[in-house]
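# Report on the structure
One letter stands for each residue in the lines below.
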Amino acid sequence: MKWTDVKKDISSISQEDKNLIELTALLASLRREKNMTQKELAEKVHVSQAQIARVENFSYAPSLKTITRIADGLNLELTFIDKTTKELVKN
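You'll find the protein chain entered in an unreviewed UniProt entry as HTH cro/C1-type domain-containing protein, with Carnobacterium inhibens subsp. gilichinskyi given as the organism.

Encoded structure:
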């Protein structure tokens, strides 16, 4: 595959999808930093290990509920920024 093809594919990703990819990559990275396996996280948040794997390898677009459960399982609080007011919106 040529770089121009890769670049075209990357640029066709919506901002919403880019944000989701960034968030799920961050959650996966934080899980690893905590030395937690996918299985341990899955058991903690009551989902299957396969579901955690699908989220982390971007083959499944998780709902906000699933992302929140994963974040809770990592002892994280999700905070959002309102694009209009630039204020933090805490979960």
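What follows continues from the structure just given.
So, about the overall build of the protein chain. Counting its secondary structure elements, the protein chain contains 5 helices and 2 strands. Mapped from its N terminus to its C terminus, the protein chain presents α and β elements in the order α-α-α-α-α-β-β. Residues classed as buried in the protein chain amount to 27% of the 91 residues present. In the protein chain, 40% of the contacts between residues at least 6 apart in sequence involve partners at least 24 apart. Per element, the accessible surface of the protein chain, about 6700 Å² overall, is 54% carbon and sulfur.

All of the buried residues along helix α3 (residues 38-45) are Gln38, Leu41, Ala42 and Val45. Buried residues of α3, seen end-on, are gathered within an arc of 100 degrees and therefore sit on one face of the element. Among the exposed residues of α3, those oriented more than 90 degrees off its buried face are Lys39 and Glu43. Once α3 ends, the next one or two residues include His46, with phi positive near 65 degrees.

Glancing now at the side chain of Gln38. With respect to the helices and strands, the residue Gln38 is situated in helix α3. In this structure Gln38 comes out as buried when scored by relative accessible area, which is 18%. In contact with Gln38, not counting residues within four places along its chain, are Arg31, Gln49, Ile52, Ala53 and Glu56.

Ranked by size, the top nonpolar core spans 13 residues in total, and within it Leu27, Leu41, Val45, Val47, Ile52, Ile70 and Leu74 carry the most contacts. For this core, the elements supplying multiple residues, two or more each, are α3, α4 (49-56) and α5 (64-73). Among all residues touching Ile70, those that are not within four sequence positions of it are Leu27, Leu41, Val45, Ile52 and Val55.

Under the present numbering, the feature "coiled-coil region" (unreviewed entry) in UniProt falls on residues 13-40. With 79% helix and 0% strand, residues 13-40 has end C-alpha atoms that lie 31 Å from one another.

A full pass over the atoms with the stated rule returns 1 salt bridge. The closest approach of N and O atoms between Glu56 and Arg31, which form a salt bridge, is 2.6 Å. Linking Glu56 in helix α4 with Arg31 in helix α2 (residues 15-33), this pair joins segments that are 25 residues apart in sequence. Look at Glu56 and you get buried, because its relative accessible area is 16%. Residue classification places Arg31 among the buried residues on the basis of a relative accessible area of 8%.

Each value, and the rule that gives it
Residues numbered from 1 in each chain as written. Predicted model: local features only at pLDDT ≥ 70, side-chain atom pairs only at ≥ 80, totals over all residues. Heavy atoms only, no water. Helix = DSSP H or I, 4+ residues; strand = E, 2+ residues; numbered from the N terminus. Buried < 20%, exposed > 50% of the residue type's maximum accessible area, 1.4 Å probe, protein only. Contact = heavy atoms within 4.5 Å. Areas by Shrake-Rupley, 256 points an atom, 1.4 Å probe, with all protein chains shown as cover. Arc of directions from axis to C-beta. Core = buried A, V, L, I, M, F, W, Y, C linked by side-chain atoms within 4.5 Å. UniProt positions renumbered as here; feature names shortened; annotations may be inferred. Salt bridge = Lys/Arg side-chain N within 4 Å of Asp/Glu carboxyl O.

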